[in-house]
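Now for the letters of each chain:
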Amino acid sequence: MAIEFTKYHGLGNDFILVDNRSTSTPVITPEKAIAMCDRHFGIGADGVIFALPGENDTDYTMRIFNSDGSEPEMCGNGIRCLAAFLADLEGTSRKSDKYSIHTLAGVMRPQLTFDGEVKVDMGEPRLLAGEIPTTLCPPDQKAVEQPIEVAGKTWEVTCVSMGNPHCITFVDDVAAIKLAEIGPQFENHPAFPQKINTEFIQVISRDRMKMRVWERGAGITLACGTGACAALVAAVLTGRCDRIATVELPGGPLEIEWSDIDQRVYMTGPAERVFTGKF
Ligand SMILES: N[C@@H](CCC[C@H](N)C(=O)O)C(=O)O
């Protein structure tokens, strides 16, 4: 059966959005998601996102399959795209709609802003090694500036969970990183039992950094919202940045704040509709 979809992107991190509001399980299988995401034989995307009925008093539920068919807990750029998709489905003005969204990482709150962007309350970062999870240090400790052997080299990494796991490495020149070679070795390293998203960060100033990412289940992408949030948290934890910063990704900038009032992370960025179709 053909599935109706709308494609969106957040800074080039692109997703196929499916209206799944009439049933509480995804209407397609992970195998079909892999086929839809294929950039040569399918629609082409980094993942498929489903808008499902809300659970636990939320407005909606978001589920997502990565382009390899695996299911992550959360997706930052994806939840901005979901908010835009919901506003389009509901036929609202897209001016200031606000949603509570149930995800496998807890409740997230995206709000459309008057300038056409989406600001998301991404919740509190989880910092203990057992929560990431990683075996780089004991489960009740923070994995901050821990050594790890990857590709014949010792890297110093900081791990942060934004509901999904991230491993952040600060480098002098982010353009020099051989991401396609190193990324899969981080992703599948035995220190990360649920695999890992890997971000390389070059700090430009206390409120600005450049980032490149290798995503678990999707490979190199042009942007990663949860990764940008995790990177800011890691930069604060290691004394490199202040709590509000611009994270420059290959696809464009995201504004990230780790509030010192409620300890929650706020992400602001765009969500663009590309086209609709049937597959
Ligand atoms: N691109 C996303 C993250 C998508 C999930 C990730 N690949 C994972 O497996 O955790 C974002 O913008 O956060």
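Please read these numbers as outputs of a predicted model, since none were measured by experiment. (Residues numbered from 1 in each chain as written. Predicted model: local features only at pLDDT ≥ 70, side-chain atom pairs only at ≥ 80, totals over all residues. Heavy atoms only, no water.)

Caption draft 1: Up close: the overall build of the protein. Within the protein, the secondary structure is distributed over four helices and 17 strands. Expressed as lengths along the three principal axes of its C-alpha atoms, the size of the protein is roughly 50 × 40 × 35 Å. Looking at the protein alone, contacts between residues at least 24 apart form 60% of all its contacts between residues at least 6 apart. When the accessible surface of the protein is split by element, carbon and sulfur atoms take 49% of a total near 11,500 Å². In the protein, the 26 positive side-chain charges and the 38 negative ones have mean positions that sit 3 Å from each other. (Helix = DSSP H or I, 4+ residues; strand = E, 2+ residues; numbered from the N terminus. Contact = heavy atoms within 4.5 Å. Areas by Shrake-Rupley, 256 points an atom, 1.4 Å probe, with all protein chains shown as cover. Lys, Arg positive; Asp, Glu negative; His and termini not counted. Charge placed at Lys NZ, Arg CZ, Asp CG, Glu CD.)

Caption draft 2: Quick peek at the environment of glutamate 181. Looking at where glutamate 181 falls in the secondary structure, it is placed in helix 3 (residues 179–187). Between the C-alpha atom of glutamate 181 and that of alanine 151, which follows or precedes it by 30 residues, the distance is 8.4 Å.

Caption draft 3: Here's a closer look at the UniProt feature "transmembrane region" (unreviewed entry) in the protein. The feature "transmembrane region" (unreviewed entry), as given by UniProt, occupies residues 218–237 in the numbering adopted here. In this annotation, residues 218–237 is assigned 65% helix and 10% strand; the end-to-end C-alpha distance for the span is 27 Å. (UniProt positions renumbered as here; feature names shortened; annotations may be inferred.)

Caption draft 4: Focus on the nonpolar core. Counting residues in each nonpolar core, the largest one holds 57 residues, and the members touching the most others are Leu82, Met209, Met211 and Ile256. With nine residues, the top contributor of residues to this core is helix 4 (residues 225–237). Viewed by domain, this core spans two of them, domain 1 (4–123 + 270–278) and domain 2 (129–263), each represented by three or more residues. With residues up to four places along the chain from it excluded, the contact list for leucine 82 reads Leu17, Ile49, Ala51, Met62 and Ile101. (Core = buried A, V, L, I, M, F, W, Y, C linked by side-chain atoms within 4.5 Å. Buried < 20%, exposed > 50% of the residue type's maximum accessible area, 1.4 Å probe, protein only. Domains from an automatic or database assignment.)

Caption draft 5: Molecular detail of the site of the ligand. By nearness alone, 14 residues border the ligand, and Asn13, Gly76, Glu215, Gly225 and Thr226 come closest of all. Between the ligand and the protein, one listed contact pairs a nitrogen atom with a side-chain N or O atom of glutamate 215 at 2.8 Å. Take threonine 226: an N or O atom from its side chain is 2.6 Å from an oxygen atom of the ligand. Burial of the ligand by the surrounding chains reaches 99%, relative to a free accessible area of 370 Å². Elements represented by at least two residues in the shell around the ligand include exactly helix 2 (76–90) and helix 4. Residue classes in the shell around the ligand are distributed as four nonpolar, eight polar and two charged. (Near = heavy atom within 4 Å. Polar contact = N/O pair within 3.5 Å; in protein donor to acceptor, adjacent residues only side chain to side chain. Nonpolar A, V, L, I, M, F, W, Y, C, P; charged D, E, K, R; others polar.)

Caption draft 6: Region of the structure containing the pattern of salt bridges. Applying the stated rule across the entire model yields 11 salt bridges. When the shortest N-O distance is used, the salt bridge between arginine 273 and aspartate 88 registers 2.5 Å. On the criterion of sequence distance, the pair formed by arginine 273 in strand 17 (residues 272–278) and aspartate 88 in helix 2 is long-range, its members being 185 residues apart. Glutamate 248 is the salt-bridge partner of arginine 208, the closest N and O atoms lying 2.5 Å from each other. (Salt bridge = Lys/Arg side-chain N within 4 Å of Asp/Glu carboxyl O.)

Caption draft 7: Spotlight on unusual backbone geometry. A cis geometry characterises the amide bond from isoleucine 132 onward to proline 133, with omega recorded as -5°. Looking at the element boundaries, proline 133 is found in the loop between strand 7 (118–121) and strand 8 (146–150). Positive phi, close to 55°, is recorded for alanine 151, a residue that is not glycine. Mapped onto the secondary structure, alanine 151 falls in the loop between strand 8 and strand 9 (153–161).

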